[in-house]
Amino acid sequence: MILTGGLKSLLPHVLRRIIRCNRLSISNTSGMAEGFKQANVVILHKSLADDFEKFCHANDGPLPLLYRSKPGDWKCPSLSSDSDIRTDCLQYRIYEHGACTGSLKSLKEYSEQLEDMVTFYLGCSFSFEKAVQNAGIPVRNVEQKCNVSMYKTAVPCYGVSTFCCNLVVTMRPIPESKLEAAVLATSELKEAHGAPIHMGDPGLLGIQDLSKPDYGDPVHLHPGDIPVFWACGVTGIEAVINCKAPLAFTHSPGCMFITDLKNDNVTVRSSREVPQVHCISQDPLHYSIVSAEAAQKIKTLETLIGTDPGDRGVIHLHRQDELLKACLSISHARSVLITTGFPTHFTYEPPEENDGPPGALAVAAILQALEKEVAIVTDQRAMNLNKKIIEEAVQLGILMRPVPLLSYQRESADSALMFLCENGNPGRPRFDHLIAIERAGMAADGNYYNARKVNIKHLVDPIDELFLAAQTIPGVTTTGVGDGGNELGMGKVKDAVKKHIKNGDVIACDVEADFTVVAGVSNWGGYAIACALYVLSTCEIHDRYLRKAIGFPRVSKKMVWLSALPSVTKEEKLLKTLVRHGVRSGKTASLEMEVDGLPFYNTHSLMIEKLL
């Protein structure tokens, strides 16, 4: 028998010859033939081949197709010069009607059946391990001399005919400081699964226990390591099992076919396409990916909305990249709850100002276009007003359909938890993200103040409690949008509010949001969120990460998203609607917003007096 020493430097054709002679005492091919591509193998009856190929193209993250043979062809000339698929994998599995009925060292005894079968060679993550090491990143499974860990997830693949299954992933522990380097090292190696599809808590993929992989070996994390997951070709094995073909063969997970192709055909990437990694949640731990180009556009939006038309000291509240991180978090959300309403005109009826509702509806509109669930929660006394505004927003084409309108009252100690979660169970939240836009926020003394230090608590329902409760619910994140420091969520910058904002020592909101978006006018913050979500949705790098590299890019929906964005015309129509319902101006400002010369939106907060 030949032991493992020196196998990493052997050429592929030599290794295949050794494997063919059954002279290796190893259990997997990780680390072998460094720098050369390895392949998962699926062998199916020719009647299933076309559908399986379509399944691969529909899920090209886990199943990047390197080569499809003709029926009965045991060679793959474009991948190797002298191979025989019947003998050149370390070990094979045989499946009959979806059940694994054995493991084999050779398929030669099935040569007659193989005459009517087609072999698919699919990319493998072992192919990128050398590139990862070259980037100065440890590959723990190689260090620990074991197979990589592979897990079934709760993420469904895009089904084609009889081929349907959940995604399978590999996990490699990566030091937190090396996450971005790992993404960079693998993102262009698309035939080896490309960039990761998830970084952080395995529970977000439906994986319950990292110590119990479904395939391969447990790989131990070092202190400071983050579990990073790549799409895996073993997904093809799961598809074979589910299709219940009378006879099929695959490689044994980890026992790959080694090709003669080098991993040196990487496309040169422009600096705009370089992926960036951002942490968007600590509980559960969750990172997201975005292109440098998209990130820069969002940062430019953040700078633009930070313009302080009233010279009130808003610039001192700004926290860099909060808009980007907030929108990355919202982009991952399934269901979003929005709140707005600041009754600053306390002697009038209604007491609301016009800053807040337009921004809230702008966010709701893009969330609808992105096919996310969205609802609005507001004060009980303002329900009829908001219902009329939403109805007219639908008639005006600002919203695609009515947004569910909710109210919240504290009836018991667990009212907020019952509101946010099914039966009050923190493991079953109804919403993934809460957004407050120009919403009166509770100060340290329990009261609510307008900018002039007038207590308006009697007009404000305790919606802050929802944001406080969200801090105790894993997976629920929050964003606060404000322009003066007395808005819900601004507790994150309360020290700066007290120092730099007039009356800040009294009016500062004490309730924090995970992300604080500071704008010269809060509506601008809402418009910026809407536009940033559009930028993220049209970013190929982020889109791939969102859909876990399965299914197809969503760029075909770009025009729907574009039509949902805020505009001057929409804002003017909505402000006129607010005037008709007695809503008064809170602020006056104008700002034209462009990114790289493109009008992502132009918006003006108009003086109500101009419309009278």
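Residues numbered from 1 in each chain as written. Predicted model: local features only at pLDDT ≥ 70, side-chain atom pairs only at ≥ 80, totals over all residues. Heavy atoms only, no water.

With reference to specific residues and values, describe the packing of helix α10 (residues 357–369) against helix α19 (residues 568–580).
Packing of α10 against α19 leaves a shortest axis separation of 10 Å and a crossing angle of 130°. One way to sum up the angle between α10 and α19 is to call them oblique. The hand of the α10/α19 crossing is right-handed. Two secondary-structure elements touch here, α10 through Pro-357, Pro-358 and Leu-361 and α19 through Leu-574, Leu-575 and Leu-578. Looking at the contact of α10 with α19 residue by residue, the class counts come to six nonpolar, no polar and no charged. (Axes fitted to C-alpha atoms, helices over the stretch in contact; angles between N-to-C directions. Helix = DSSP H or I, 4+ residues; strand = E, 2+ residues; numbered from the N terminus. Parallel < 35°, antiparallel > 145°, perpendicular 65-115°, else oblique. Left-handed = near helix turned anticlockwise from the far one by under 90°. Contact = heavy atoms within 4.5 Å. Nonpolar A, V, L, I, M, F, W, Y, C, P; charged D, E, K, R; others polar.)

Break down the nonpolar core for me, with residues and values.
Within the largest apolar cluster, 63 residues are counted, with the highest numbers of intra-cluster contacts made by Ile-338 and Ile-529. Tallying contributions element by element places helix α16 (residues 522–537) first for this core, with eleven residues. For Ile-338, the contacting residues outside a window of four places in its chain are Ala-360, Val-363, Ala-364, Leu-367, Val-374, Ala-375, Ile-376, Val-377 and Ile-435. (Core = buried A, V, L, I, M, F, W, Y, C linked by side-chain atoms within 4.5 Å. Buried < 20%, exposed > 50% of the residue type's maximum accessible area, 1.4 Å probe, protein only.)

Residue-level account of the sheet that holds strand β6 (residues 149–156), with values.
Taken together, the seven strands give an open sheet; going across it, the order is β9-β6-β7-β10-β8-β14-β13, and neighbouring strands pair in antiparallel fashion. The open sheet terminates on both sides in strands that have one partner only, identified here as β9 (215–216) and β13 (275–282). Relative to strand β10 (residues 225–231), strand β7 (residues 166–175) is paired through seven bridges, and the arrangement is antiparallel. Bridge pairing in β10 places Thr-170 opposite Trp-230. (Pairing = 2+ DSSP bridges.)

Talk me through the pattern of salt bridges; I want residue IDs and the actual numbers.
Using the criterion set out here, one finds 28 salt bridges in the structure. The partner of Glu-53 in a salt bridge is Arg-68, and the shortest N-O contact between them spans 2.5 Å. Within this pair, whereas Glu-53 is found in helix α2 (residues 46–58), its partner Arg-68 is found in strand β2 (residues 65–68), the two being separated by 15 residues in sequence. Notably, a salt bridge pairs Asp-84 with Arg-86, separated by 2.8 Å at the nearest N-O pair. Here Asp-84 matches Arg-86 in class, with each residue buried. Look at the salt bridges and you will find they share partners, linking Glu-352, Asp-379, Arg-381 and Arg-439 into a network. (Salt bridge = Lys/Arg side-chain N within 4 Å of Asp/Glu carboxyl O.)

Describe the sheet that holds strand β19 (residues 477–482), listing the residues and the values that go with them.
Taken in spatial order, the six strands of this open sheet run β17-β16-β15-β18-β19-β20, and their pairing is parallel. The open sheet has two edge strands, β17 (405–407) and β20 (515–518), and neither has a second partner. Looking at each pair of strands side by side, their axes are set apart by 25° on average, direction ignored. Contacting β16 (373–378) and β17, helix α11 (residues 383–395) crosses the sheet at an angle of about 165° to β17. α16 contacts β18 (433–439), β19 and β20 of the sheet and is inclined by roughly 135° relative to β19.

Give me the side chain of Ser-252: which residues, what numbers.
Turning to its location among the elements, Ser-252 is positioned in the loop between β11 (248–251) and β12 (257–262). Side-chain polar atoms of Ser-252 contact the backbone oxygen of Tyr-92, separated by 3.5 Å. If we ignore the near neighbours within four places in the chain, the residues touching Ser-252 are Gln-91, Tyr-92, Arg-93 and Ser-103. (Polar contact = N/O pair within 3.5 Å; in protein donor to acceptor, adjacent residues only side chain to side chain.)

Account for the domain arrangement of the protein, with residues named and values stated.
By domain assignment, the protein separates into domain 1 (13–262) and domain 2 (278–611). Once you take the C-alpha centre of each, domain 1 and domain 2 turn out to be 43 Å apart. Taken together, the contacts link 26 residues of domain 1 with 13 residues of domain 2. Both sides together, the interface formed by domain 1 and domain 2 hides about 1600 Å², and carbon and sulfur atoms give 65% of it. Considering only the surface of domain 1 that becomes buried against domain 2, Ile-197, Met-199 and Leu-204 emerge as the three largest contributors, covering 30% of it. Counting across the domain 1 and domain 2 interface gives zero salt bridges. (Domains from an automatic or database assignment. Buried area = accessible area lost by both parts, 1.4 Å probe.)

Describe the pairing of strand β4 (residues 99–104), naming the residues involved and giving the relevant values.
For a regular strand, side-chain orientation follows a simple rule: the groups alternate between the two sheet faces. By the bridge criterion, five bridges tie strand β3 (residues 92–96) to β4 in an arrangement that is antiparallel. Note that in β4 the partner of Tyr-92 across the bridge is Leu-104. Turn length for the β3-β4 hairpin, with the two strands adjacent in sequence and antiparallel, is two residues, and the turn residue His-97 shows positive phi of about 55°.

Provide a residue-level description of the packing of aromatic side chains, including the pertinent values.
All chains considered together, the criterion is met by ten aromatic pairs. On the numbers, 4.9 Å between centres and 70° between planes, the contact of Phe-52 with Phe-120 is edge-to-face. One end of the pair, Phe-52, is in helix α2; the other, Phe-120, is in strand β5 (residues 117–123), with 68 residues separating them in the sequence. Accessibility classification places Phe-52 together with Phe-120 in one group, the buried group. Considering the side-chain rings of Tyr-158 and Phe-552, the 5.1 Å spacing of their centres and the 80° angle between planes classify their relative orientation as edge-to-face. One end of the pair, Tyr-158, is in the loop between β6 and β7; the other, Phe-552, is in the loop between α17 (540–546) and α18 (558–564), and 394 residues separate them in sequence. Residue Tyr-158 is classed as partly exposed on the basis of its relative accessible area of 42%. Among the aromatic side chains, those forming a connected cluster through ring pairs are Phe-52, Phe-55, Phe-120 and Phe-163. Sitting over the face of the ring of Trp-74, Arg-86 holds its NZ or CZ atom 3.5 Å from the ring centroid. Over the ring of Trp-230 we find Arg-172, and its NZ or CZ is 5.8 Å from the ring centre. (Phe/Tyr/Trp six-rings, centres within 6.5 Å; stacked < 30°, edge-to-face > 60°. Lys NZ or Arg CZ within 6 Å of the ring centre and 35° of its normal.)

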